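Analysis of the macromolecular model
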Amino acid sequence: MTTAMGVPPLDGGRAGRWTLPEELSARVPAEQRGPGLDRDAVRLLVSRGTRVSHHAFVELSGLLRAGDLLVVNTSMTLAAAVDGRVGHARVVVHFSTRGDDGRWAVELREPDGRGTTRARGGGPAGTEVRLPGDVRLVLEEPLADRSARLWWGRVSDADVPGLLRRHGRPIRYSYTDRDQPLSAYRTVFALPSADGAGSAEMPSAARPFTARLVAELVSRGVQFAPVTLHTGVASAEAHEPPYPERFTVPEPSARLINAARAGDGRVIGVGTTAVRAVESAAGPDGVVRAARGWTGLVVTPERGVRVVDGLLTGLHEPQASHLLMLEAIAGERAVDRGYEEALRGRYLWHEFGDVHLILAEESPAALSVENPHTEDCHSNCR
């Protein structure tokens, strides 16, 4: 495999397949990159097995077909970052997940002087964090033995959603240029929860959807099945696998998914969170049943997938555990091929970046009818 545009070929090994150039990090939302742009002004890489084609995201309705079903996550992103102090030291608390006992899983980080944060050691037990409004957070125990990054903590004011509304802001990572309003981190599918629960980080694969595009998809016979999975705080440095998270697959959505699988439609998860939710509700027979609670499922090639035929997702870093899910759906060779093309084509990474549609490989005849673009088409490249 030859290099192109300074991008080395993939070199094998999950953590060392490729290096992500810093300039490929999306630093601002698509709608802020030029006048007249909307959220859907991103690029779409399409993988069918090892066949790759390049598109604009607004072409999505022409790449799907009547009877296809998109599973979307309705979780609403919270303003989950709150300033605090431990003694005289400034910290930033990232509120991740509310437990059944009223405690919250939290991550303590340090301000880095640029409006973002850097990693900070967790604990010890008994550490008290002073938060705005005379609220106190006391760390009690690590969330898991394998990592002390997230801790269970108890907050003196039980109304944490209210605290976040009054004093929180969206979690922001160092590759972004500036703070964004909370609306920039919420998708068109987001719905408020009665208990104020939501996601610490945006289910970002759905971010490029606009109401206009949703209407166009519906008019072409593509259906939507809403599910909910409240995402916790990801590891920006260690790329740990996801921790248990709350999810709901409602009965109407379970019926839609099963009907699509029984017919000719493809079930496509919009984001790894949607896949995690629906696969958690599927039995060994592949039948999806209404479910709610906590899921600790990590989708790997060894486990495989029981329900989804495809995935619409952002582009992940080489160390990201989410790549295992992509391999479970498409296989390692297909993932490597897609990422090599993404690097060659200078696609943008992270939550404000471009997206990747991964579908099962189809016959060349079907491909030529459904998709006139070839894998060498770069008409949308910058």
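Scroll up to find the structure.
Residues numbered from 1 in each chain as written. Predicted model: local features only at pLDDT ≥ 70, side-chain atom pairs only at ≥ 80, totals over all residues. Heavy atoms only, no water.

So, about the overall build of the protein chain. Each helix and strand in the protein chain was counted, giving eight helices and 16 strands. As displayed, the protein chain offers around 15900 Å² of accessible surface, 52% of which is attributable to carbon and sulfur atoms. (Helix = DSSP H or I, 4+ residues; strand = E, 2+ residues; numbered from the N terminus. Areas by Shrake-Rupley, 256 points an atom, 1.4 Å probe, with all protein chains shown as cover.)

Moving on, we come to the side chain of T127. Looking at where T127 falls in the secondary structure, it is placed in the loop between β7 (117-119) and β8 (128-131). Of the polar contacts made by the side chain of T127, one reaches the backbone oxygen of G123; its length is 3.4 Å. In this structure the side chain of T127 is engaged in a polar contact, spanning 2.7 Å, whose partner is the backbone oxygen of P124. Once residues within four sequence positions are removed from consideration, T127 is found in contact with V86, L137, V138 and L139. (Polar contact = N/O pair within 3.5 Å; in protein donor to acceptor, adjacent residues only side chain to side chain. Contact = heavy atoms within 4.5 Å.)

Time to look at the packing of aromatic side chains. Taken as a whole and judged by the stated rule, the model has seven aromatic pairs. Here the aromatic rings of F57 and F209 are separated by 5.2 Å at their centres, their planes lie at 85°, and the arrangement is edge-to-face. In this pair, F57 is assigned in the loop between β2 (51-56) and α1 (60-63) and F209 in the loop between α2 (160-167) and α3 (211-219), connecting sequence segments 152 residues apart. With a relative accessible area of 0%, F57 lands in the buried category. Between the aromatic rings of F95 and W104, the centroid separation amounts to 5.8 Å while the plane-to-plane angle is 80°, which identifies the pairing as edge-to-face. (Phe/Tyr/Trp six-rings, centres within 6.5 Å; stacked < 30°, edge-to-face > 60°. Buried < 20%, exposed > 50% of the residue type's maximum accessible area, 1.4 Å probe, protein only.)

Moving on to helix α4 (residues 251-262). With 12 residues, α4 extends 17 Å between its outermost C-alpha atoms, agreeing within 8% with the 16 Å of an ideal straight helix rising 1.5 Å per residue. Along α4, the residues classified as buried are S253, A254, I257 and A260. All buried residues of α4 lie within an arc of 130° about the axis, which places them on one face of the element. Set apart from the buried face of α4 by more than 90 degrees, the exposed residues are R255 and A262. Of the surrounding elements, those touching the buried residues of α4 are β3 (69-73), β11 (223-229), β12 (245-249), β13 (267-270) and α5 (272-280). (Expected span 1.5 Å × (residues − 1). Arc of directions from axis to C-beta.)

Read across the open sheet, the nine strands follow the order β2-β1-β16-β15-β13-β3-β11-β12-β14; overall the sheet is mixed. The sheet terminates laterally at β2 and β14 (291-295), the two strands that pair on one side only. Shown here is a sheet whose adjacent strand axes are inclined to one another by a mean of 20°, direction ignored. Here three bridges tie β13 to strand β15 (residues 310-314), and the two strands are oriented parallel to one another. If you follow I268 over to β15, its bridge partner there is G310. Along the sheet, α4 contacts β3, β11, β12 and β13; its crossing angle with β11, the most-contacted strand, is approximately 130°. Along the sheet, α5 contacts β3, β11, β12, β13, β14 and β15; its crossing angle with β11, the most-contacted strand, is approximately 85°. (Pairing = 2+ DSSP bridges. Axes fitted to C-alpha atoms, helices over the stretch in contact; angles between N-to-C directions.)

One turn of an α-helix holds 3.6 residues; hence residues three or four places apart share an orientation. Taking 1.5 Å per residue as the helical rise, helix α7 (residues 332-344) with its 13 residues ought to reach 18 Å, and the 18 Å between its terminal C-alpha atoms agrees with that figure. Extensive coverage of α7 is indicated by the burial of 10 of its 13 residues. Restricting attention to buried positions, one finds in α7 the residues A334, V335, D336, R337, G338, Y339, E340, E341, A342 and L343. Those residues of α7 that are buried lie in contact with β1 (43-48), β2, β15, α6 (322-330) and β16 (355-359). At the exit of α7 stands R346, carrying a positive phi of roughly 60°.

Let us look at the nonpolar core. With 41 residues, the main nonpolar core has V249, I257, V267, V288, Y339 and W349 as its most contacted residues. Secondary structure elements with two or more residues in this core: β3, β11, β12, α4, α5, α6 and α7. At five residues, the largest contribution of residues to this core is made by α6. Setting aside residues no more than four positions away along its own chain, V288 makes contact with V249, A254, I257, N258, V278, A281, A282 and V307. (Core = buried A, V, L, I, M, F, W, Y, C linked by side-chain atoms within 4.5 Å.)

Here we take up the pairing of strand β5 (residues 89-98). Within β5, seven of the 10 residues are buried, which leaves the element mostly enclosed by the surrounding structure. Bridge count between strand β4 (residues 81-86) and β5: six bridges; the pairing is antiparallel. For V86, the partnering residue across the bridge sits in β5 and is A89. Here β4 hands over to β5 after two residues, with G87 in that stretch at a positive phi of 65°.

With that settled, the discussion passes to the pattern of salt bridges. Once the charged atoms of two side chains with opposite charge are near each other, the side chains can pair. Scanning the entire structure with this criterion turns up 28 salt bridges. For D40, the salt bridge is made with R212, and the minimal N-O distance between the two is 2.8 Å. Here the residue D40 occupies a position in the segment before β1, and R212 occupies one in helix α3, the gap between them amounting to 172 residues. Judged by its relative accessible area of 7%, D40 falls in the buried class. Assessed through its relative accessible area of 53%, R212 is described here as exposed. Residues D100 and R246 are paired through a salt bridge, measuring 2.7 Å at the closest nitrogen-oxygen approach. Of this pair, D100 sits in the loop between β5 and β6 (104-111) while R246 sits in strand β12; the two residues are 146 residues apart in sequence, bridging distant segments of the chain. (Salt bridge = Lys/Arg side-chain N within 4 Å of Asp/Glu carboxyl O.)

Further remarks concern the environment of A80. Following the sequence through the fold, A80 ends up in the loop between β3 and β4. Residue A80 is classed as buried on the basis of its relative accessible area of 0%. Separated by 14 residues in sequence, A80 and H94 have C-alpha atoms that sit 5.6 Å apart. Look past the residues within four positions of A80 in its chain and what remains in contact with it is V93, H94, F95, L164, R169, I171 and A200.

Don't take any of this as a statement about function, it's just geometry.
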